[in-house]
Amino acid sequence: MKKESLVVRISGLSAFFPVILVSAIFLAIFLKALPLLTIKSWWHLVFSSAWQPQKGEFGLWAFIMGTISVTAVALVLALPVSLLTSLYLAEYAPNRVRKIILPALDLLAGLPSVIYGMWGMLMVVPLVSKYLAPFFGTSSSGYCALTAGVVLAVMIMPTIINVSLEVLASVPASLKEAALALGATRFEVVRHVILKKARPGILAACVLGLGRAFGETIAVLMVVGNVPQIPRSLFSPAYPIPALLANNYGEMLSIPGYESALNLAALILLMLVIIFSLLARLYLSRLVRRSG
Amino acid sequence: MTGPTAVIFKRTRKAKSSAPTGFWLGARTWKFFWLKKLFLLSLVLLFSLSLNLPGAEPEAFFKTNKFPAPQTSPELKGQLSLSGAWALYPLAVRWVEKFQKINPGVKIDLQAGGAGKGMADVLSGLVDIALVSRQVYAEEIKRGAQPVAVARDAVVVTINQNNPFLKLIEQKGLQKKLLRQVWVEGRIKTWEELLGQPGNTPIHLYTRSDACGAAETWAAYLGAHQEDLKGIAIYGDPGLAEAVRQDPLALGFNNLNFAFNPRTGQLHPGLAIGPLDLNDDGQLSAEENFYQTREKIKQAIASGLYPSPPARDLYLVITRPLRNKLTATFLLWCLEQGQGLVEEAGYVRLSNEILEKEKTKILAEFSEAQRVAKSR
């Protein structure tokens, strides 16, 4: 009928809207980055770590490494804690405890990131400079990749926990009951049935967390130190791409090539996110196929 | 339509048609009503914004009106928008409040977001006036920026009050060429080296991460640009002050108004100022020592004892050709009556000669705009 087909058409169009939007964003950034790419080889721009815009040096390697290292630290810290938390909440926690923890998690997820940044400056930075760095035998101002990783880990934990909690809860009760009926202990059920069944979903949760970690800007830039060099250790400062963009986007007018370079950095960030989520998707589809 | 969709559609339509109209009749309707209002409001807002766009000002305005017009009158009408440097923001807030109070017909929109953003906004025509706390680059002047100096302040070296070398620093002062080796060349890495002592205590060096006037001015003092400054980069002036407060070995810099408490005029607890040894004799002589209170530093800046840079002029930047008369009126007011607010906001007044020079600049811009309008 006529009305029906109209609805189908409109909703179909709006379904394609995200696709169009992504390509439009991609295209706009690419076009803005193009002027610099025509002057200099992309190889040099990506793999050089000399960043001196006033002298026409736009090497982005230090920023790429900064992004990857801070994100890696955050994931390494956040993953074990959030997986154990969601497992406990899904399988072991009494209802009473769940009722306390779940709202707290929602609150954490909803906090503005500036608050996390402030907390990082006031608590984590002194903690790292006064206790952690001396403990590992080095000195640090506290504004470093580790601090940013800690703040970021706290920020992405609610996301990972919430999603993997959903995934764990969606494991059919009949599977668990079957395993229990065969004489498996609670732990064996968790290990051999639930985790196995939920693995793809948990991976998806991690990818979501990863995406947030890659893009988080203000909280990271408040504690990461913002020094454009490749971080040599956890205790040395880093400079991730989002921080670069946020710090400098206003000032690009007067320096030739600056705006182009920032757009190239944005393009690289976009590609990083896309590559990682594609990899995860590939792994996911293999996992699903293998488990039949 | 068939199936369950049809039912849903019918139901919603029915519910809508039978829904009561008027805001007193239930929360749901009220919500719609409110949305509608919001929509109308945003339309009005959009419309008024479009009036403020460059070029919308009638050219006749320049032709017919005499200038300078009285700067205080209920007839003065229009809108202005300002954006830019944090360093100038506290003063701009006072100016804007006062100007709107004496001219009820004028609406002024003020935003802070850094000198770089302000400059970008004014050149692209998003705002009428930019607040800029560094030298305006030749490139920007070529694109039509016209800076008008309105006040002065300074960037000062900040250290922690518990710095183990505080006594020595206050006795010897910090030499420019050594500071350059710390910040720009990265050759000096310990406090002892900076002060000519044996020992090995690292300097924890800080700078600003956001593109800002303070870092650019401080870099200019050391013969460099912001991007050449080494050190951990912190976002924002308050952030940098906080980092120095927490780190006994810190060496940083701040705008005068963020090193001192604006209300008491005293240093923020935990901070100390690193005095500059201006004549490079390795001693901080009596006339070089003016860092005890904000008042004393301000006097040193005004008399030129504290060099520029790191003392600097703060600018309101407009574009040429002048976009509207109100911009010129506001600027003139800032240079005349507005100067009364400069001191109490914690800044240093410009000398009368400079103020007169800046005023002629505005008048010249105005007559130029008038000439262009007439010749068209």
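A few points on the structure. As the structure is a computational prediction, the values presented were derived from the model and not from experiment. (Residues numbered from 1 in each chain as written. Chains lettered and ligands numbered in written order. Predicted model: local features only at pLDDT ≥ 70, side-chain atom pairs only at ≥ 80, totals over all residues. Heavy atoms only, no water.)

## Considerations on the side chain of Gln146 of chain B
Residue and element names in this part refer to chain B. Inspection of the secondary structure puts Gln146 in strand E4 (residues 145-160). Of the polar contacts made by the side chain of Gln146, one reaches the side chain of Glu365; its length is 3.0 Å. If we skip the residues at most four places from it in the chain, Gln146 touches Leu316, Val317, Ile318, Arg320, Lys361 and Glu365. (Helix = DSSP H or I, 4+ residues; strand = E, 2+ residues; numbered from the N terminus. Polar contact = N/O pair within 3.5 Å; in protein donor to acceptor, adjacent residues only side chain to side chain. Contact = heavy atoms within 4.5 Å.)

## Focus on the packing of helix H7 (residues 173-181) of chain A against helix H8 (residues 186-215) of chain A
Packed helices, taken two at a time, are described by the angle between their axes plus the distance between the axes. Residues and elements named next belong to chain A. The N-to-C vectors of H7 and H8 enclose an angle of 155°; their axes lie 10 Å apart at closest approach. The angle between H7 and H8 places the two elements in the roughly antiparallel class. Handedness of the crossing formed by H7 with H8: right-handed. Contact residues: H7 offers Leu175, Lys176, Ala179 and Leu180, while H8 offers Val189, Val193, Ile194 and Lys197. The class makeup of the residues in the contact of H7 with H8 is 6 nonpolar, no polar and 2 charged. (Axes fitted to C-alpha atoms, helices over the stretch in contact; angles between N-to-C directions. Parallel < 35°, antiparallel > 145°, perpendicular 65-115°, else oblique. Left-handed = near helix turned anticlockwise from the far one by under 90°. Nonpolar A, V, L, I, M, F, W, Y, C, P; charged D, E, K, R; others polar.)

## A few points about the interface of chain A and chain B
The partner chain B presents 31 residues to the 26 residues of chain A that form the contact. Carbon and sulfur atoms make up 55% of the area that chain A and chain B hide from each other, which totals about 2,400 Å². Scanning the region where chain A abuts chain B turns up 0 salt bridges. On inspection of chain A and its partner chain B, the count reaches 4 residue pairs in polar contact (both at pLDDT 80 or more). Residue assignment for the side of chain A that touches chain B shows that the elements contributing at least two residues are helix H1 (2-39), helix H5 (113-135) and helix H10 (241-248) of chain A. The leading source of residues in the side of chain A that touches chain B is H5 of chain A, at 4 residues. Of the residues contributing to the side of chain A that touches chain B, the split by class is 12 nonpolar, 10 polar and 4 charged. (Buried area = accessible area lost by both parts, 1.4 Å probe. Salt bridge = Lys/Arg side-chain N within 4 Å of Asp/Glu carboxyl O.)

## With respect to the nonpolar core
Of all hydrophobic cores here, the largest spans 120 residues; its most connected members are Trp183, Leu194, Trp218, Leu251 and Tyr306 of chain B. Here this core takes 12 residues from helix H6 (residues 145-169) of chain A, the largest share from any one element. Among the nonpolar cores identified, the runner-up in size contains 52 residues, and Ala145, Ala328, Leu341 and Ala345 of chain B belong to it. (Core = buried A, V, L, I, M, F, W, Y, C linked by side-chain atoms within 4.5 Å. Buried < 20%, exposed > 50% of the residue type's maximum accessible area, 1.4 Å probe, protein only.)

What is shown is where atoms sit, not what they do.
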